[in-house]
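# Descriptive structure summary
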Amino acid sequence: MLTCDGLFFTASIILFEWADHCYNYVHGIYSYIEMSIVVITIPGDAQKEFVNALHADTQGGIRLVIIQKPKCHSFMERLKRFYHRTDFPGVLMEAWYALLLRLSPQVRRALGYFQVPHVRTDERYSPPVMWVDSVNEDAVYEALKLISPDVLAVWGSAILERRIIATAKTAVNLHLGHSPQYRGALANQHAVLNEEYALIGATIHHMRATVDGGDILDQLTIDLSRPPHESFPALTTQARQRFIDVVRKLNAGETLPVRTQDTRNSNILLLRQWIPSVRYTVGKRILALEKTYSSYVKPVRMRYQLAVLGLVVVVLSGGGYALLNCFWSDADFEKGFEEATTSYIE
């Protein structure tokens, strides 16, 4: 039979467990409300895939997606802007390169390697969306100040003002370029222009006042053992997934190691410098790089076809093998096999 002291002790234990359960429940709700992510990006199916994947990976952690609308300029406005980028003879030259781009589907296809692979879908954004003309306008600042996000994840927007960055505890950016060597909107294109293919990459970094100059959280470089039509899309796909992983860890409160950048010798190619002559040059260099891979494939493929033809000749004619040896020695076969099994890029 329980005594009064026993009843009191049992009731105290039950009450303590109930209070602990209530605390954990309330703390969980509080943490869910407090831990929040805001994404700033641009329109696009690839960006939509990123947002929805991050929202699912963080169990609904994105409070708001801010999307900057593309700026629409009339033909005369674009012509005027183009004229201010160069002089009159330069306009004629750029018009010629623009025509070359129009008549060169292979060059345009090569430039498309920089685009982020995605699947076209009619799926909507999972989190709430705010469409804006500028990511630095007052409405954006007020919305961010109200949410006070733990993580501000940025991919593809215009340069953010300091007050926008300061609204979040942590602001991180996915930069499709190898910082600090190449910063700005066209970093990987600039690396190709300078033929520094080993410096094609992606950088995930904290956001600071210096463009793409914050401490590095993660960095990737292109796989040069694969041709550009494979390595470029693979790089951007991998960078997008690594960005999701970094944002998820930061939102969970993890402390990640960082590496400081030295931006004194950085290269920046501005958007206004992305003129037809530069685009055409970059596209041609990508095609030239592509040929360095295919040049080893074609001879091997041709020799394989010759080998099949020789086998048919041997089968159909006893003297066919001698005839084949007149054109293709065993040493040539061994050399072709060695080239086929050796990567072009060591």
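Relevant structure appears above.
Described below are features of the structure shown in this document. All figures in this text were calculated on a predicted structure; none of them were measured in a lab.

Across its full length, the protein carries twelve helices and nine strands. Going through the 346 residues of the protein one by one, you find that 38% of them count as buried. Taken as a whole, the protein presents about 21000 Å² of accessible surface, with 59% of it coming from carbon and sulfur.

Here the focus is helix H6 (residues 138-147). The set of residues buried in H6 consists of Val140, Ala143, Leu144 and Ile147. Projection of H6 onto a plane perpendicular to its axis shows the buried side chains occupying an angular sector of 95°, all on one side. For H6, the exposed residues set more than 90 degrees away from the buried face come down to Asp138 and Leu146. Those residues of H6 hidden inside the fold are in contact with strand E1 (37-41), strand E2 (62-68), strand E3 (129-132), strand E4 (151-155) and helix H7 (162-165). Just downstream of H6, Ser148 is the residue with a positive phi angle, here 50°.

So, on to the packing of aromatic side chains. This structure, assessed with the given rule, holds five aromatic pairs. Summarising the aromatic geometry, the rings of Phe114 and Phe232 are spaced 5.2 Å apart at their centres and angled 70° between planes, so their arrangement reads as edge-to-face. With a gap of 118 residues between them, Phe114 in the loop between helix H5 (105-111) and E3 and Phe232 in helix H9 (residues 228-251) connect regions that are remote in the sequence. Neither Phe114 nor Phe232 differs from the other in exposure class; each is buried. Among the aromatic residues, those joined into a cluster by ring pairs are Phe50, Trp155 and Phe243. If you follow Lys48 out to its NZ or CZ, it ends over the ring of Tyr125, 5.6 Å from the centre.

Attention now moves to the pattern of salt bridges. Throughout the structure, instances matching the rule amount to twelve salt bridges. Taking the shortest distance from any N to any O, the salt bridge between Arg242 and Asp218 comes out at 2.6 Å. Residue Arg242 is found in helix H9, and its partner Asp218 is found in strand E8 (residues 216-221); the two are separated by 24 residues along the sequence. In this structure, Arg264 engages Asp262 in a salt bridge whose closest nitrogen and oxygen atoms are separated by 2.8 Å.

The next point concerns the pairing of E3. Only one face of E3 is covered, namely the face carrying Met130 and Val132; the face carrying Val129 and Trp131 is uncovered. Strand direction decides the pairing type here: E2 and E3, joined by four bridges, are parallel. Across the sheet, the residue bridging to Ile66 is Met130, located in E3.

A word on the packing of helix H2 (residues 45-57) against H9. Two measures define how a pair of helices packs: the angle their axes make with one another and the distance between the axes. With their axes 10 Å apart at the nearest point, H2 and H9 run at an angle of 35° to one another. For the element pair H2 and H9, the recorded crossing hand is right-handed. Two secondary-structure elements touch here, H2 through Ala46, Glu49, Phe50, Ala53, Leu54 and Asp57 and H9 through Arg240, Phe243, Ile244, Asp245, Val247 and Arg248. For the contact of H2 with H9, a count of residues per class yields seven nonpolar, no polar and five charged.

A separate point is a nonpolar patch on the surface. A cluster of nonpolar residues, Trp96, Leu99 and Leu103, forms a patch on the protein surface that exposes about 340 Å² of accessible area. Relative to the helices and strands, Leu99 resides in helix H4 (residues 88-102). Accessibility expressed as a relative area gives 41% for Leu99, which makes it partly exposed.

Structurally, Gln68 can be placed in strand E2. C-alpha of Gln68 to C-alpha of Val135: the two residues are 67 residues apart in sequence and 6.0 Å apart in space. Setting aside residues no more than four positions away along its own chain, Gln68 makes contact with Thr41, Ile42, Pro43, Val132, Asp133, Ser134, Val135 and Ala158.

About the cut-offs
Residues numbered from 1 in each chain as written. Predicted model: local features only at pLDDT ≥ 70, side-chain atom pairs only at ≥ 80, totals over all residues. Heavy atoms only, no water. Helix = DSSP H or I, 4+ residues; strand = E, 2+ residues; numbered from the N terminus. Buried < 20%, exposed > 50% of the residue type's maximum accessible area, 1.4 Å probe, protein only. Areas by Shrake-Rupley, 256 points an atom, 1.4 Å probe, with all protein chains shown as cover. Arc of directions from axis to C-beta. Contact = heavy atoms within 4.5 Å. Phe/Tyr/Trp six-rings, centres within 6.5 Å; stacked < 30°, edge-to-face > 60°. Lys NZ or Arg CZ within 6 Å of the ring centre and 35° of its normal. Salt bridge = Lys/Arg side-chain N within 4 Å of Asp/Glu carboxyl O. Pairing = 2+ DSSP bridges. Axes fitted to C-alpha atoms, helices over the stretch in contact; angles between N-to-C directions. Left-handed = near helix turned anticlockwise from the far one by under 90°. Nonpolar A, V, L, I, M, F, W, Y, C, P; charged D, E, K, R; others polar. Patch = residues over 30% accessible without salt bridge, like charges linked within 9 Å, V, L, I, M, F, W, Y side chains within 5 Å.

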